[in-house]
Amino acid sequence: MLEELKKRVYEANMLLPKYKMVTFTWGNVSEIDREAGIFAIKPSGVDYDILKPEDMVLVDLEGNVVEGEYNPSSDTPTHLELYKAFPKIGGVVHTHSPWATSWAQAGRGIPCYGTTHADYMYGEIPCARCLTKEEIDAGYEKNTGLLIAEEFKNRDYEAVPCVLCKNHGPFTWGKDGHEAVHNAVVLEEVAKMAARCEMINPQVQPAPQEIQDKHYYRKHGANAYYGQGKK
Ligand SMILES: [Zn+2]
């Protein structure tokens, strides 16, 4: 069932090694069919070299495997909580891409130092705290999702389609799996540039608010004018 969804999710997963976002089998992409209430996700620990569309695992919003020969990614409960918390998203990505993960390990959000960042993400990319021992023991992956949802209680998850989890790594999302991968690649580039930027000038300050606003709002919202206007 949902063969088209599985094919799209397979293709989105294959973009992770293509863009050098993953090492070995790390990383996973999912995409949801909101009408069916089912998402497709990469199976756990299967090499990208041998991965096939039919290997994608279908999971419902209670976390039950609906179809699939393999176990779903171990991060599945995090994806599930994000789909529940962010009703407008259609795809989720998790990687340990090195630059974004370096910021996560350092426990720092990524300030907006320039327009590459501002084009895609409005303001600082937050770094969520570590889970407590109790939260880890009670359900590490599920509580990771709940913590991200909590982090965005007072933020716009569409304006900032990504988060860093402290001592762990990034999660990104988008309207579908492909957009979530796109955002993961942008986040990695932004994380790399921000780190170099601080290296070149340790006193660097975030970009002025007006330039952040200009770049974000020319691509997003009611008055956007960037691109070919085919939206
Ligand atoms: Zn991870």
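Please read these numbers as outputs of a predicted model, since none were measured by experiment.

(A) Spotlight on the coordination of the zinc ion. Distances from the zinc ion to its protein donors, His-94 (NE2), His-96 (NE2) and His-168 (NE2), fall at 2.1 Å. Here the donor residues of the zinc ion share one chain and are spaced in sequence as H-x1-H-x71-H.

(B) Inspection of the pattern of salt bridges at higher detail. For the coordinates displayed, the defined rule picks out 15 salt bridges. The partner of Arg-8 in a salt bridge is Glu-31, and the shortest N-O contact between them spans 2.8 Å. Pair noted here: Arg-8 is in helix H1 (residues 3–18) and Glu-31 is in strand S1 (residues 28–33), with a separation of 23 residues, a long-range link. Look at Arg-8 and you get partly exposed, because its relative accessible area is 33%. When its relative accessible area of 5% is taken as the criterion, Glu-31 is described as buried. Salt bridges here are not isolated pairs; linked through shared partners, they connect Glu-3, Lys-6 and Glu-67.

(C) Examining the packing of aromatic side chains more closely. Per the counting criterion, the structure on display carries 9 aromatic pairs. Ring centres 6.1 Å apart and planes at 70 degrees place the aromatic pair Phe-24 and Trp-26 in the edge-to-face group. In this structure Phe-24 comes out as exposed when scored by relative accessible area, which is 67%. With relative accessibility at 39%, the residue Trp-26 sits in the partly exposed group. The structure contains a cluster of three or more aromatic residues connected by ring pairs, namely Phe-86, Phe-152, Tyr-157 and Trp-173. For the cation-ring pair, Lys-219 lies above Tyr-120, with the distance from its terminal atom to the ring centre recorded as 4.2 Å. The ring of Tyr-226 carries Lys-219 above its face, with NZ or CZ at 4.5 Å from the centroid.

(D) Region of the structure containing the sheet that holds strand S8 (residues 169–174). Read across the open sheet, the 8 strands follow the order S4-S3-S2-S1-S5-S8-S7-S6; overall the sheet is mixed. In this open sheet, the two edge strands, each paired with only one partner strand, are strand S4 (65–67) and strand S6 (127–128). One ladder, built from 4 bridges, connects strand S5 (residues 91–94) with S8; its direction is antiparallel. Its bridge partner lying in S8, His-94 is registered against Phe-171.

Parameters and conventions
- Residues numbered from 1 in each chain as written.
- Predicted model: local features only at pLDDT ≥ 70, side-chain atom pairs only at ≥ 80, totals over all residues.
- Heavy atoms only, no water.
- Donors = N, O, S within 2.8 Å, 3.2 Å for Na, K, Ca; no water.
- Salt bridge = Lys/Arg side-chain N within 4 Å of Asp/Glu carboxyl O.
- Helix = DSSP H or I, 4+ residues; strand = E, 2+ residues; numbered from the N terminus.
- Buried < 20%, exposed > 50% of the residue type's maximum accessible area, 1.4 Å probe, protein only.
- Phe/Tyr/Trp six-rings, centres within 6.5 Å; stacked < 30°, edge-to-face > 60°.
- Lys NZ or Arg CZ within 6 Å of the ring centre and 35° of its normal.
- Pairing = 2+ DSSP bridges.

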